[in-house]
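One letter stands for each residue in the lines below.
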Amino acid sequence: MNHEALFCQVAASHRGYLTSLAARYVGWTDAEDVVQAALLNAWRRLSSFTGGEHDCLNWLSRVTCNAAIGWQRHASLTDCRPLLDTDHWLDGDDTPEEAALRAEAQREAEGQVEKLLSRCTAKQRHALWWGYGKGWSQQQMAQRWGVPVATVKLWRYRGRLRCLTLAAQSAILPATA
């Protein structure tokens, strides 16, 4: 069996294991994204792999752990708090002045998000907008655009990474305490 077929077989049959392995490092919320990034990295470096099925699973496990550690490292370097603290807006007991200030803050935040999105590629921008802005699932976007789900995940991942990097560089995100 050639390495490509072996990789596909092992990745498909052990994806749940790889996801649970990643979840130990980054939690269930980001585990699937970590596994996707790990599988893409492993695929790109498949020519360096030598071994059989068990070696392939061990190799993919190590690549997944490394991807999860990298994900954690990146998360610790970037502040992922929301742009605005909106929890106090739910009470509805605002004065007209407070409401006007809140509306201005919302417009400013929307302008910052638009500025960040404008610096992403068109594919990343669309994947972020349709996923987070319109609530489409990754499967819906992939089906609509005629691309694999993995491609949509990669666009979203790279778009989020680009926005976080740009936000940190331009001091849009609040400083960590």
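It should be noted that the structure appears before, not after, this text.
Residues numbered from 1 in each chain as written. Predicted model: local features only at pLDDT ≥ 70, side-chain atom pairs only at ≥ 80, totals over all residues. Heavy atoms only, no water.

In this section: the overall build of the protein chain. When helices and strands are tallied, the protein chain shows eight helices and zero strands. Helices (α) and strands (β) of the protein chain occur, in sequence order from the N terminus, as α-α-α-α-α-α-α-α. Taking all 177 residues of the protein chain together, 32% fall into the buried category. Relative to all contacts within the protein chain whose residues are 6 or more apart in sequence, the contacts with residues 24 or more apart total 65%. Carbon and sulfur atoms provide 54% of the accessible area of the protein chain, an area that totals close to 11,100 Å². (Helix = DSSP H or I, 4+ residues; strand = E, 2+ residues; numbered from the N terminus. Buried < 20%, exposed > 50% of the residue type's maximum accessible area, 1.4 Å probe, protein only. Contact = heavy atoms within 4.5 Å. Areas by Shrake-Rupley, 256 points an atom, 1.4 Å probe, with all protein chains shown as cover.)

This brings us to the layout of surface pockets. The computed volume of the second largest pocket comes to approximately 170 Å³. Elements supplying a minimum of two residues to the lining of the second largest pocket: α3 (28-44), α4 (53-77) and α8 (149-169). Considering every element that reaches the lining of the second largest pocket, the biggest residue donor is α4, with five residues. Partitioning the lining of the second largest pocket into residue classes produces six nonpolar, four polar and no charged. (1 Å grid on protein atoms, 1.4 Å probe; cavity = no way out; pocket = protein on both sides within 12 Å on 5 of 7 lines; lining within 4 Å. Points joined across faces, edges and corners; volume = space filled by probe spheres on them. Nonpolar A, V, L, I, M, F, W, Y, C, P; charged D, E, K, R; others polar.)

Here we take up the pattern of salt bridges. Under the definition given, this model contains four salt bridges. For E32, the salt bridge is made with K153, and the minimal N-O distance between the two is 3.3 Å. Placement of the pair is E32 in helix α3 and K153 in helix α8, with a sequence separation of 121 residues. In this structure E32 comes out as partly exposed when scored by relative accessible area, which is 27%. By relative accessible area, which is 10% here, K153 ends up buried. (Salt bridge = Lys/Arg side-chain N within 4 Å of Asp/Glu carboxyl O.)

Time to look at α8. Residues lying three or four places apart along an α-helix face the same way, a consequence of the helix completing one turn every 3.6 residues. If you check α8, its first and last C-alpha atoms are 30 Å apart, about what 21 residues at 1.5 Å a residue would give, namely 30 Å. Buried residues of α8: V152, K153, L154, W155, R156, G159, C163, L166 and A167, and no others. In the core, the buried residues of α8 are packed alongside α2 (15-26), α3, α5 (96-118), α6 (122-133) and α7 (138-145). (Expected span 1.5 Å × (residues − 1).)

Quick look at the packing of aromatic side chains now. Evaluated as defined, the whole model comprises three aromatic pairs. Relative to Y157, the ring of W71 has its centre 5.1 Å away and its plane inclined at 25 degrees; by these criteria the two rings are stacked. Within this pair, whereas W71 is found in helix α4, its partner Y157 is found in helix α8, the two being separated by 86 residues in sequence. By relative accessible area, Y157 is classed as partly exposed at 26%. Ring geometry for W145 against W155: centres 6.1 Å apart, planes inclined by 45 degrees, an arrangement best described as tilted. Of this pair, W145 sits in helix α7 while W155 sits in helix α8, and the two are ten residues apart along the sequence. W145 gets classed as partly exposed once you look at its relative accessible area, which sits at 28%. For W155, a relative accessible area of 17% corresponds to the buried category. Above the ring of Y132, the side-chain terminus of R156 is found at 4.4 Å from the ring centroid. (Phe/Tyr/Trp six-rings, centres within 6.5 Å; stacked < 30°, edge-to-face > 60°. Lys NZ or Arg CZ within 6 Å of the ring centre and 35° of its normal.)

With that settled, consider the nonpolar core. Counting residues in each nonpolar core, the largest one holds 23 residues, and the members touching the most others are F7, V10, V34, L39, C56 and L60. Contributing elements (two or more residues each) for this core: α1 (3-13), α2, α3 and α4. Element by element, the count of residues in this core is highest for α4, at seven residues. Apart from the residues lying within four places of it in its own chain, the contact partners of C56 are L6, F7, V10 and F49. Membership of the second largest hydrophobic core comes to seven residues, among which are L116, C120, L128 and C163. (Core = buried A, V, L, I, M, F, W, Y, C linked by side-chain atoms within 4.5 Å.)

Honestly, that's just the spatial picture; any functional story needs more than this.
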